[in-house]
Amino acid sequence: MTPTAHVPRPRSHAPAFDVAKVRADFPILSELVHGKPLVYLDSANTSQKPLSVIRATDDYYRHANANIHRATHLLSERATGLYEGSRKKAAKFLNAADPHTIVLTKGTTDGINLVAQSYGRSVLKPGDEILLSWLEHHSNIVPWQLVAEQTGAAIKVVPINDLGEIDPEEYVRLLSPRTKIVAVGHVSNALGTINPIKAMIAQAHAHGAVVLVDGAQAAPHLVIDVQDLDCDFYVLSSHKMFGPTGTGVLYGRKQLLEAMPPYQGGGDMISNVTFEKTLYNQIPYKFEAGTPNIAGVAGFGAAIDYLMSLDREAALAHEDAVLEYATARVREIPGVRIIGEARHKTGVLSFLLEGAHPHDAGTVLDQQGIAVRTGQHCAQPVMDKFCIPATIRASLAIYNTREDIDALVRGLHKVREVFA
Ligand code: ALA
């Protein structure tokens, strides 16, 4: 493997980022874990929540708890306002032209399953192909396997190189008139690779394929513009971008969403029901059957407000600097092998420590108050590609500091002492 330094964005014009102020917004960061100050390095798994998000969820239950779209009373009006307000905020966050193209889901996994079962199942035929990359996590593999089994379509997989980057030539080679759907992550959860999705989308469109982008790991770090990307579908999860669990977004191109059949049946997704025939509601409600996670969506709106209140460029520059520092410091530790050294990365440092299984290392780190994820990261093919069973993954968010990385490095030296 050729080690390639993480390439930070130019920092000469980067405005200052007040990480201490940001940290003060996240109450859990003052928590003690095993009697030690918490060092939270597992944000790719789920991020922590600022007080404004916790309050928005609490406020909904205190002042607005009612069902949405279904009643004429004031509380229902408040709940509907919060819910639809979050949809508008999500549209703005993604620069989607029309809030009706924003389907509120349970999260990324739900959004991908929706597209696979609604769009995929209705268009795919035997001989068609779904193109994935070797970097995908299980949520962007298994829903496509299910729909491939149902329709007779085949799955094709673009390989990655030793740095953990999608092979661009193989990608173009695998695209053909048979390719009906390309499903690709914007940022790899296991390695942090930022994929060149704008170019990939244009290349897929040139072959007539529709593209779904899994943006779960991109949303907390990158500025996303679905119009500029020209993607057909973009999915993300609230809980990875400082919002509550159990909610997220599927953005879809309007004509596609309008033509797609419903995914689930139930209340709110209909306009008229008789035993003879049911007429469905317009988009996006056609895809939102049943009472949703209203409290979660209210909190999600607050999370979007929070992210958009930050200087995103400065936040990104801060995260890049911490990742660069982490990469350099961890690399110095004897016996470390970094997995995933793509030229464009964000938020993730995956590595192995000679002599210590990642799970054992994770346990020793936890005893020191350091939270990392160890294992396959729901991305077994990535581990298979590198012929390893698991990695130790430190994943970053806006609230992480160089001091967190110093604590991780001390923790890893402790792991070495234990397992030497
Ligand atoms: N939650 C998963 C992760 O940790 C997908 O990356």
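Residues numbered from 1 in each chain as written. Predicted model: local features only at pLDDT ≥ 70, side-chain atom pairs only at ≥ 80, totals over all residues. Heavy atoms only, no water.

Participant: Help me understand the site of the ligand, please; the structure alone is not making it clear to me.
Facilitator: What surrounds the ligand is the set Ala-44, Asn-45, His-137, Asn-189, Gln-217, Lys-240, Arg-373 and Arg-393. Residue Asn-45 places a side-chain N or O atom 3.1 Å away from a nitrogen atom belonging to the ligand. Measuring from an oxygen atom of the ligand, one finds a side-chain N or O atom of Arg-373 at 2.6 Å. The protein chains hide 89% of the 220 Å² of surface that the ligand would expose on its own. Here the residues of the shell around the ligand are counted per class, giving one nonpolar, four polar and three charged. Looking at the shell around the ligand, you find at least three residues from each of domain 1 (19–50 + 311–418) and domain 2 (54–308). (Near = heavy atom within 4 Å. Polar contact = N/O pair within 3.5 Å; in protein donor to acceptor, adjacent residues only side chain to side chain. Areas by Shrake-Rupley, 256 points an atom, 1.4 Å probe, with all protein chains shown as cover. Nonpolar A, V, L, I, M, F, W, Y, C, P; charged D, E, K, R; others polar. Domains from an automatic or database assignment.)

Participant: Before we go on, may I ask you to explain the sheet that holds strand E7 (residues 179–185) in this structure?
Facilitator: Whether parallel or antiparallel, the strands of a sheet pair through hydrogen bonds between backbone atoms. Read across the sheet, seven strands follow the order E4-E10-E9-E8-E7-E5-E6 without closing on themselves; strand pairing throughout is mixed. Every other strand in the sheet has two partners, leaving strand E4 (102–105) and strand E6 (154–158) as the edge strands with one partner each. With direction set aside, neighbouring strand axes in the sheet form an average angle of 20°. Bridging between E7 and strand E8 (residues 210–214) involves five bridges; their strand directions are parallel. When the sheet's bridge partners are listed, Ala-183 is paired in E8 with Leu-212. Contacts between helix H7 (residues 197–206) and the sheet are confined to E7 and E8, with E8 contributing the most and set at about 160° to the helix. (Pairing = 2+ DSSP bridges. Helix = DSSP H or I, 4+ residues; strand = E, 2+ residues; numbered from the N terminus. Axes fitted to C-alpha atoms, helices over the stretch in contact; angles between N-to-C directions. Contact = heavy atoms within 4.5 Å.)

Participant: Would you explain the domain arrangement of the chain in this entry?
Facilitator: The parts lose accessible area when they come together, and the size of an interface is often stated as this lost area. You can read the domains of the chain as domain 1 (19–50 + 311–418) and domain 2 (54–308). Each of domain 1 and domain 2 was reduced to a C-alpha centroid, and the two centroids are 28 Å apart. Each side of the interface is counted separately: domain 1 has 40 residues, and domain 2 has 35 residues. Summed over both partners, the interface of domain 1 with domain 2 comes to about 3100 Å²; 57% of that surface belongs to carbon and sulfur atoms. For the pair domain 1 and domain 2, the interface holds two salt bridges. (Buried area = accessible area lost by both parts, 1.4 Å probe. Salt bridge = Lys/Arg side-chain N within 4 Å of Asp/Glu carboxyl O.)

Participant: What am I meant to see in the nonpolar core here?
Facilitator: The nonpolar side chains of a soluble globular protein tend to be buried with one another. In terms of nonpolar packing, the biggest core is built from 75 residues, with Phe-93, Leu-94, Ile-224, Tyr-234, Leu-236, Ile-398 and Tyr-399 touching the most fellow members. Counting residues domain by domain, this core receives three or more from each of domain 1 (19–50 + 311–418) and domain 2 (54–308). Discounting residues that sit within four places of it in the chain, Leu-236 has contacts with Phe-93, Leu-94, Gly-107, Thr-108, Gly-215, Ala-216, Ala-219, Met-241, Gly-248, Val-249 and Phe-300. Within the second largest apolar cluster, 27 residues are counted, among which are Leu-323, Leu-365, Val-409 and Val-415. (Core = buried A, V, L, I, M, F, W, Y, C linked by side-chain atoms within 4.5 Å. Buried < 20%, exposed > 50% of the residue type's maximum accessible area, 1.4 Å probe, protein only.)

Participant: Got a minute to help me understand helix H4 (residues 108–123) in this structure?
Facilitator: At 3.6 residues per turn, the α-helix brings residues three or four places apart onto the same side. With 16 residues, H4 extends 21 Å from end C-alpha to end C-alpha; this agrees with the ideal 22 Å at 1.5 Å per step. The principal kink in H4, of about 25°, is found at Ala-116. Those residues of H4 lying buried are Thr-108, Asp-110, Gly-111, Ile-112, Asn-113, Leu-114, Val-115, Ala-116, Ser-118, Tyr-119 and Gly-120. (Expected span 1.5 Å × (residues − 1). Bend = angle between axes of the 7 residues up to and from the residue.)

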